[in-house]
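Below, each chain spelled out in residue letters.
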Amino acid sequence: MLTACQGRYDAIGRTGNTNIGGGNSQRGHARLDLPPPMAARIVLPVDFGRRFAIFADAEEEFDWTAPFERAATGTSAMAALPTANARFVAAGCVPTHMVDWPIVDTPATAAILKGLLDADQCDIGTQLHPWVNPPFDEDVSDHNSYLGNLPVALQRAKLFALTDRIEQVLGARPTTYRAGRYGVGSDTAALLVEAGYRLDVSVRSLFDYRRQGGPDFSQHPVWPWRVSETLNELPLTAAFVGRLRRFPSIYDGAIGGVLARSGIIGRVPLTPEGVPLADALAAIRCLLDDGHQLFSLSFHTPSVVPGHTPYVRDDGDLRLFWQWWDGVFDLFARNGVLPIRSTEIMTALEST
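Everything in this summary refers to the structure shown in the same document.

The rules behind these values
Residues numbered from 1 in each chain as written. Predicted model: local features only at pLDDT ≥ 70, side-chain atom pairs only at ≥ 80, totals over all residues. Heavy atoms only, no water. Buried < 20%, exposed > 50% of the residue type's maximum accessible area, 1.4 Å probe, protein only. Helix = DSSP H or I, 4+ residues; strand = E, 2+ residues; numbered from the N terminus. Pairing = 2+ DSSP bridges. Contact = heavy atoms within 4.5 Å. Core = buried A, V, L, I, M, F, W, Y, C linked by side-chain atoms within 4.5 Å.

It is a general feature of regular strands that their side chains alternate between the two faces of the sheet. Among the six residues in strand 3 (residues 123–128), six count as buried, and that is most of the element. Side-chain alternation along strand 3 places Asp123, Gly125 and Gln127 on one buried face and Ile124, Thr126 and Leu128 on a second face that is also buried. Pairing between strand 2 (residues 96–99) and strand 3: four bridges, direction parallel. Bridged to histidine 97 within strand 3 is isoleucine 124. The pairing of strand 3 with strand 4 (residues 176–179) spans three bridges and is parallel. By the bridge assignment for strand 4, leucine 128 is matched with alanine 179.

Right, let's talk about the side chain of aspartate 33 for a bit. Checked against the element boundaries, aspartate 33 lands in the segment before strand 1 (50–58). By relative accessible area, which is 16% here, aspartate 33 ends up buried. Apart from the residues within four sequence positions on either side, aspartate 33 is in contact with Val184, Gly185, Ser186, Asp216 and His220.

Within the largest apolar cluster, 45 residues are counted, with the highest numbers of intra-cluster contacts made by Leu113, Leu159 and Tyr177. If you list the elements that add at least two residues to this core, you get helix 2 (101–105), helix 3 (107–118), strand 3, helix 4 (152–170), strand 4, helix 5 (188–195) and strand 8 (238–241). Tyrosine 177 has contacts with Met98, Thr126, Leu128, Leu147, Leu159, Thr188, Leu192, Tyr197, Leu199, Asp200, Val201 and Ser202, leaving out every residue within four places of it along the chain. Within the second largest apolar cluster, 33 residues are counted, among which are Ala280, Trp322, Phe329 and Leu331.

Written as structure tokens, this is what we have:
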């Protein structure tokens, strides 16, 4: 477990360079796959306080160790979502479910989400898994599992197909987006603006997916920023913790586990999936010490039923999953960190 919170981590990425990034796409919009310039940072007012939100990837079930398959579209775990969702609502948090094609295109699971939405028990966003999202004009591969790697016309077609389907089935056009596998590319921001999205939550700050063919977020900040006049970014919250946290450039993902176990430096995303509660609490304390105001937490909805993700394999894992949330909610409550909905986040970011 890592507990030391030495130094502030409020600069861009690991280098602290405030002049990097912010390149523009051919359409004139900032790129999500590059770090933003410091000038794009959204500084929330003091009276905003400290807030947290939950963005849940409402997605199909598949074997995380096997190659991607178009036919892997099971949605049985969604039957347990209302009970799980009620636990978040009881804690005062209305989650945003980021819906992908198999979920919204399956009548039973779409009805579950529609019921939660009509009862004002959740907000709805979009999550796009290209290998199960029509039109199917690409080969299924690891490279093509990142939407941003596909031809821009195909990206647009898939994005509009899903966005329109969610509006048709659930009765509301989504304005919050997450790329499946965090797979943004050079054209993502422009396409989101074109489709009417106001908030992107695709960036997983401090992580690098280039070895898998995905984007590099290792230099991206943990604070929100303005992408365009109508689109803002709220990255998933993560933090460096440990004795040498003030020197994030020394972190090496290849030996991250060794560094973390030694207490030197570790990278902790705020999710119950693969992150022990003690490490998450340490990261939150570090971020609170840094003055961090807006926390974005995430999980995959199939994790609410054992056996569908590598993070919740049995009933014991499920108990740990809920203990994680209870512990995080308790720490937030003791530090005055209040829940906030994605709709409220959009308003706050746009008014700043």
